[in-house]
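Listed below, chain by chain, are the residues.
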Amino acid sequence: MQEDESHSDPRQGLPDTNEDLSQNDPCQGLPDTNATCIPHSASSASSYFDDKVQIPQTGEARFSLRKLWAFTGPGFLMSIAYLDPGNIESDLRSGSLAQFKLLWLLLLATFLGLLMQRLSARLGVVTGLSLAEVCCRLYRKIPRILLWIMVEIAIIGSDMQEVIGTAIAFYLLSNGKIPLWGGVLITIADTFTFLLLDKYGLRKLEAFFGFLILIMAFTFGYEYVVVAPNQGELLKGMFVPYCAHCGSSQLLQAVGVIGAIIMPHNMYLHSALVKTRKVNRSDQREVREANFYFFIEATIALFVSFLINVFVVSVFAEGLYGKTSAQIHESCVASGNPHADVFNVTNNEVEVDIFRGGVFLGCEFGLAAMYIWAVGIFAAGQSSTMTGTYTGQFVMEGFLDLKWKRWQRVLMTRSIAILPTILLAAFKGVLDLTYMNDLLNVVMSLQLPFALLPVLTFTSSPSVMGVFVNGIVMKVIASLLTVVVIGINMFFVAVFMQQLPNHWAVYLGVALGVALYLTFVIYLAWICLVAMGCQFLQKLPCTRCMTTAVPYSFQCSEDNLSNENITDLPLEQNDNYGAIME
């Protein structure tokens, strides 16, 4: 994508900061928000950033596998969000409802997700700050707190999906001997156990996440080989945009594919993870090199996640599409599957989720297929839970400067996620848990603008990015993606509202919530458009009440950017985004 090459200094466009950074107030020059924004060098209370990976020097080589290996890690941790139980469930429903016809949309959503992850990673590389930390410095107190709440909702919603997925995996592996509520409780203990891996060093932790991805690739790949889908139809569905004879259910699933792939909290995670590599941000060449290698690594990681998603879609497109509940129940009874009753329903239409999907595989292809599916779901749930914990840590520290220990953070998010989940598991059943998964997908989709808009705003501002600011092509693509996602969210809400009780109080509450939601989205979009050069928006009435209180001053990392490398630039010469912050 385009970059502005007109300046030689990567930090040109920053305000004057000739004072010793180590003596400065970390929030000097920031809006008066009655809260403390932490400096980059103290951004984490955890041990995750204690040891930064050194980048080997390989001379003037244009490409180095040694350097790529040194940069490998953050992209694969980020890609786990593309493989969480919510995504797996979206995949199997896509295959069972539309066969191979929505694979092209999965490919497109993954590509668009890569573009947004690229922006997130570039923000972290260029500034040395995570997306949450930049939000802390650039938004007023109320918008910042609202953003934090929205991201926390997304993290907790994702955590609940992972708890549900892991509990179902235990239920399948034990043939129902471990009840759902028992599986939910086990997820608490195993998460604390896995967090001990953090003590063994950053690279070992990243290797463990890679191992979990390998388990998913092996287990879902095994199902793919066993089912042996039609390769011609698969390639047609992947590269020919069509959906012949698709109805409302397929259309709704198409919307769900995009909402499931692009995860809001994942952008906050990726911008923080790239800080684990030691990059001299005063050297434009090193920054450009880091952006290059992180993009290659993210591309490889998302390609692997895309293949795993394709495995799942294809398995159910070939094996389940067109079958009735009666046919599957007959097959389950014949094979002696212990969960055959889930398909013994009066409605012949097949309702599928990660639980019934595993039962189906066991009925059609043997119990081994069901157990292997459960292992894959378990790996997806555990890996996503751990990355979600890191995301929560980075977000809380970035927005609020609350440097909790990770076990405290896990205890808080897990308590919120587990309480409603364990109540459903104890008093309802597995099918009610899967309905809860659907509701959580809607909630997650609604949070997307609160990641897309901030990351687009900051990466489009020369005051923040210097010469690494978004080019016009990237601005257009990212803006269109944001508009499409917001439109999809509104469609999703409209469809989901049809399932709500028909009562005036319900509609009033939903209308009020939608109005407040759109108001906040418009506020963020307004700042984003001004950052991209729409100066006429500053002339609208009451614009001053929407911007920050004092001129914006960016705090560069004291360990990565020395004072002599900062270009002095009077505030009146700042870009449009700097202007709206006056």
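So, how was this worked out
Residues numbered from 1 in each chain as written. Predicted model: local features only at pLDDT ≥ 70, side-chain atom pairs only at ≥ 80, totals over all residues. Heavy atoms only, no water. Helix = DSSP H or I, 4+ residues; strand = E, 2+ residues; numbered from the N terminus. Buried < 20%, exposed > 50% of the residue type's maximum accessible area, 1.4 Å probe, protein only. Contact = heavy atoms within 4.5 Å. Phe/Tyr/Trp six-rings, centres within 6.5 Å; stacked < 30°, edge-to-face > 60°. Lys NZ or Arg CZ within 6 Å of the ring centre and 35° of its normal. Disulfide = S-S within 2.5 Å. Salt bridge = Lys/Arg side-chain N within 4 Å of Asp/Glu carboxyl O. pLDDT = per-residue confidence, 0-100. Polar contact = N/O pair within 3.5 Å; in protein donor to acceptor, adjacent residues only side chain to side chain. Axes fitted to C-alpha atoms, helices over the stretch in contact; angles between N-to-C directions. Parallel < 35°, antiparallel > 145°, perpendicular 65-115°, else oblique. Left-handed = near helix turned anticlockwise from the far one by under 90°. Nonpolar A, V, L, I, M, F, W, Y, C, P; charged D, E, K, R; others polar. Patch = residues over 30% accessible without salt bridge, like charges linked within 9 Å, V, L, I, M, F, W, Y side chains within 5 Å. Areas by Shrake-Rupley, 256 points an atom, 1.4 Å probe, with all protein chains shown as cover. Arc of directions from axis to C-beta.

**What about the overall build of the protein chain?**
- Along its length, the protein chain carries 22 helices and 0 strands.
- Counting over 582 residues, the protein chain shows a buried share of 58%.
- When contacts within the protein chain are restricted to residue pairs at least 6 apart in sequence, long-range pairs at least 24 apart make up 84% of them.

**So, the packing of aromatic side chains**
- Taken as a whole and judged by the stated rule, the model has 18 aromatic pairs.
- When the centroid spacing of 5.4 Å and the interplanar angle of 65 degrees are considered together, the rings of Phe 170 and Phe 378 count as edge-to-face. With Phe 170 in helix α6 (residues 141-173) and Phe 378 in helix α15 (residues 367-400), this pair connects stretches of sequence that are 208 residues apart.
- Overall, the relative accessible area of 15% leaves Phe 170 in the buried class.
- On the accessibility criterion, Phe 378 (23% relative accessible area) is partly exposed.
- Grouping aromatic residues by their ring pairs yields a cluster made of Phe 63, Phe 71, Phe 292, Tyr 293 and Phe 294.
- The aromatic ring of Phe 295 is capped on one face by Arg 118, whose charged end is 5.8 Å from the ring centroid.
- The side chain of Arg 203 reaches across the aromatic face of Trp 69, ending 5.3 Å from its centre.

**Quick notes on the state of the cysteines**
- Overall, the coordinates contain 2 disulfides when judged by the stated rule.
- Disulfide pairing places Cys 243 opposite Cys 246 at an S-S distance of 1.6 Å. Measuring handedness by torsion sign, the sulfur bridge of Cys 243 and Cys 246 sits at about -70 degrees and is left-handed.
- By relative accessible area, Cys 243 is classed as partly exposed at 29%.
- A relative accessible area of 29% places Cys 246 in the partly exposed class.
- Covalent S-S linkage joins Cys 332 and Cys 363, the inter-sulfur distance amounting to 1.9 Å.

**Focus on the pattern of salt bridges**
- Inspection of every chain in the model, using the stated rule, returns 7 salt bridges.
- Across the salt bridge formed by Arg 93 and Glu 89, the nearest N and O atoms sit 3.6 Å from each other. With Arg 93 and Glu 89 both in helix α3 (residues 85-98), this residue pair falls 4 residues apart, about one helical turn.
- Judged by its relative accessible area of 2%, Glu 89 is buried.
- Ionic contacts of the salt-bridge type, sharing partners, join the residues Lys 67, Arg 285 and Glu 289 into one network.

**Side note on unusual backbone geometry**
- You will see that Asn 175, though not glycine, has its phi angle at about 55 degrees, which is positive.
- Within the secondary structure, Asn 175 sits in the loop between α6 and α7 (180-195).
- Although it is not a glycine, Ala 228 adopts a positive phi angle of roughly 55 degrees.
- Relative to the assigned elements, Ala 228 resides in the loop between α8 (202-227) and α9 (231-239).

**Quick word on the confidence of the model for the protein chain**
- Taken over all residues, the pLDDT of the protein chain has a mean of 77, while the share at 70 or more is 78%.
- Ranking the elements of the protein chain by mean pLDDT puts helix α22 (residues 576-580) last with 35 and helix α12 (residues 284-319) first with 94.
- Of the regions scoring below 50 in pLDDT, residues 1-47 engages in 144 contacts with residues more than four places distant in sequence or in other chains.
- Within the model, the stretch residues 543-582 combines pLDDT values under 50 with 127 contacts to residues more than four positions away or in other chains.

**Section: the side chain of Thr 457**
- With respect to the element layout, Thr 457 can be found in helix α18 (residues 449-459).
- Under the relative-accessibility criterion, Thr 457 is labelled buried at 0%.
- Separated by 2.7 Å, the side chain of Thr 457 and the backbone oxygen of Leu 453 make a polar contact.

**Brief notes about the packing of α8 against α12**
- As a packed pair, α8 and α12 sit with axes 9 Å apart at the nearest point and diverge in direction by 30 degrees. As judged from the angle between their axes, α8 and α12 are roughly parallel. Helix-helix and strand crossings are classified by hand; for α8 and α12 the assignment is left-handed. Facing α8, whose interface residues are Ile 213, Met 216, Ala 217, Phe 220, Gly 221, Glu 223, Tyr 224 and Val 227, α12 presents Val 304, Ile 308, Phe 311, Val 312, Ser 314, Val 315, Glu 318 and Gly 319.
- Its residues assigned to classes, the contact of α8 with α12 shows 11 nonpolar, 3 polar and 2 charged.

**Overview of the packing of helix α11 (residues 264-273) against α15**
- Look at α11 against α15: their axes get within 9 Å of each other, and the N-to-C directions meet at 80 degrees. By the angle between their axes, α11 is roughly perpendicular relative to α15. Seen from α11, the contacting residues are His 265, Tyr 268, Leu 269, Ala 272 and Leu 273; seen from α15, they are Thr 387, Tyr 390, Thr 391, Phe 394, Val 395 and Phe 399.
- In the contact of α11 with α15, the residues fall into 8 nonpolar, 3 polar and no charged.

**Things to note about a nonpolar patch on the surface**
- A contiguous nonpolar surface patch, about 390 Å² in accessible area, is contributed by Ile 142, Ile 145, Leu 146, Ile 149 and Ile 153.
- On the secondary structure map, Ile 145 appears in helix α6.

**What to know about helix α13 (residues 325-335)**
- What α13 keeps buried is the set Ser 325, Ile 328, His 329, Ser 331 and Cys 332. End-on view of α13: buried residues confined to an arc of 160 degrees, all on one side of the axis. Facing away from the buried side of α13, by more than 90 degrees, are the exposed residues Glu 330, Val 333 and Ala 334.
- Gly 336 sits one or two positions beyond α13 and adopts a positive phi of about 75 degrees.

**So, the environment of Tyr 171**
- As for its placement among the helices and strands, Tyr 171 is situated in helix α6.
- Expressed as a C-alpha distance, the spacing of Tyr 171 and Gly 182, which sit 11 residues apart in the sequence, is 8.8 Å.
- With sequence-adjacent residues up to four places away left out, Tyr 171 is seen in contact with Gly 176, Ile 178, Pro 179, Leu 180, His 339 and Phe 355.

**Details of the environment of Leu 452**
- With respect to the helices and strands, Leu 452 occurs in helix α18.
- Look at Leu 452 and you get buried, because its relative accessible area is 0%.
- Residues Leu 452 and Leu 119, spaced 333 residues apart in sequence, show a C-alpha to C-alpha distance of 9.6 Å.
- The contact partners of Leu 452, leaving out residues within four places of it in the chain, are Met 116, Met 267, Thr 482 and Val 485.

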